Amino acid sequence: MKFKVALAGNPNAGKTTLFNCLTGSNLYVGNWPGVTVEKKEGELKNTSESISLVDLPGIYSLAPYSMDEIVSRNFLLNEHPDLIINIIDASNIERNLYLTTQLMELDCPMVGALNMMDVVAKKGVKIDVDMMEKLFGFPFVEISAQNETGIDELIRLVEKIVVDDKRQAFPKIFPEKINEMFEVFESLLKDKYPDVLADYPRIFRTVKLIEKDEEILSKLDDPAELLGDIEKTREQIEEFSKHDVDSAIADFRYRFITDSVNQATRKTKENSFQFA
Ligand code: GDP
Ligand code: K
Ligand code: MG
């Protein structure tokens, strides 16, 4: 049995460094089909099962604005990896978790690799990984890819989830009113447009349609009527949030992140000196 794991995270989160720690032999380096974006694939080392690891291009979001984002999200949507390792620069945790909230919409099991913990420790910040798991619905491991700490724990956790195929239940991160609007939109999709993007993860499909994601809309045969229904939901969101839809959705994500990080981190010492 061959399993497939994807490594996803922001640029400079330490993906290449971690990829090299996690893989041993049988490295494959090429390009993603049709584009000059590098694709790297290797075998996860020290596992009893055969697990391949695919390094995705570094991305800040799953929006279709760059080739890197399109390559990453098409891989995640179409190739159905058994698990995503979401590498997070824990010294920039809030910014990095923005992508995490989007990966949580893909219905794929996930492990959070909190990288740069050597830097975080020097800052005197402690992260409560059990609290992170409780809030985000998937487990986290503290690592330093550069110092190769936490790597064995990460590999064991990945192997356990992949082999046991434990489905994870991701929490709803949007405000209750927004969740209700999404649910109304989803039942409308189900009744009126049952064939539209039926293979896509439910919440991903909802959010992307409401954002009028161009690449997603381009997959629709006849978007005119659906666009009318999308517009109604967008107006409700704007009415509720007093912002345009894209900033409202980004803002809701950041509210969930800030609230979670406040609960899951604490500072154990004041900096002895600060630079102005
Ligand atoms: P990528 O862009 O995600 O592939 O990130 P890289 O693996 O190239 O790492 C970006 C930079 O962060 C490099 O200078 C790495 O040496 C450094 N780096 C990666 N992991 C760690 C870590 O755990 N601690 C520290 N201090 N630096 C790291
Ligand atoms: K880099
Ligand atoms: Mg890299």
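Because the structure is predicted, anything quoted here is derived from the model rather than measured. (Residues numbered from 1 in each chain as written. Chains lettered and ligands numbered in written order. Predicted model: local features only at pLDDT ≥ 70, side-chain atom pairs only at ≥ 80, totals over all residues. Heavy atoms only, no water.)

**Describing helix H11 (residues 245-264)**
- Here H11 contains 20 residues, and its C-alpha end-to-end distance of 29 Å stays within 8% of the 28 Å for a straight helix at 1.5 Å per residue.
- Three or more residues of H11 are buried, namely Val245, Ala248, Ile249, Ala250, Phe252, Arg253, Phe256, Ile257, Ser260, Val261 and Ala264. (Helix = DSSP H or I, 4+ residues; strand = E, 2+ residues; numbered from the N terminus. Expected span 1.5 Å × (residues − 1). Buried < 20%, exposed > 50% of the residue type's maximum accessible area, 1.4 Å probe, protein only.)

**Here we look at helix H10 (residues 224-241)**
- When the terminal C-alpha atoms of H10 are compared, their 26 Å separation across 18 residues agrees well with the 26 Å that a helix rising 1.5 Å per residue should span.
- Where H10 is concerned, the buried positions are Leu226, Asp229, Ile230, Thr233, Arg234, Ile237 and Ser241. Seen end-on, H10 carries its buried residues on one side only, within an arc spanning 145°. Of the residues in H10, the exposed ones pointing more than 90 degrees away from the buried face are Ala224, Glu225, Lys232 and Glu239.
- Residues of H10 that are buried make contact with helix H7 (176-192), helix H8 (202-210), helix H9 (214-217) and H11.
- Two residues or fewer past H10, lysine 242 is found with a positive phi of approximately 60°. (Arc of directions from axis to C-beta. Contact = heavy atoms within 4.5 Å.)

**Observations concerning the pattern of salt bridges**
- In the structure shown here, the tally under the stated rule is 16 salt bridges.
- Residue lysine 4 pairs with glutamate 79 through a salt bridge whose shortest N-O separation is 3.8 Å. Of the two residues, lysine 4 sits in strand E1 (residues 2-9) while glutamate 79 sits in the loop between helix H2 (67-78) and strand E5 (83-89), which places them 75 residues apart along the sequence.
- Through salt bridges that share partners, Lys192, Glu225, Asp229 and Lys232 make up one connected network. (Salt bridge = Lys/Arg side-chain N within 4 Å of Asp/Glu carboxyl O.)

**Some points on the site of ligand 1**
- Taken together, 15 residues lie around ligand 1, and Asn12, Lys15, Thr16, Thr17 and Asp118 are the ones closest in.
- Here an oxygen atom of ligand 1 and a side-chain polar atom of threonine 16 are 2.8 Å apart.
- Considered on its own, ligand 1 offers 580 Å² of accessible surface; in the complex 70% of this is hidden by protein.
- Among the secondary structure elements, those contributing two or more residues to the shell around ligand 1 are helix H1 (15-22) and helix H4 (117-122).
- With three residues, the top contributor of residues to the shell around ligand 1 is H1.
- Of the residues that constitute the shell around ligand 1, the class distribution is five nonpolar, eight polar and two charged. (Near = heavy atom within 4 Å. Polar contact = N/O pair within 3.5 Å; in protein donor to acceptor, adjacent residues only side chain to side chain. Areas by Shrake-Rupley, 256 points an atom, 1.4 Å probe, with all protein chains shown as cover. Nonpolar A, V, L, I, M, F, W, Y, C, P; charged D, E, K, R; others polar.)

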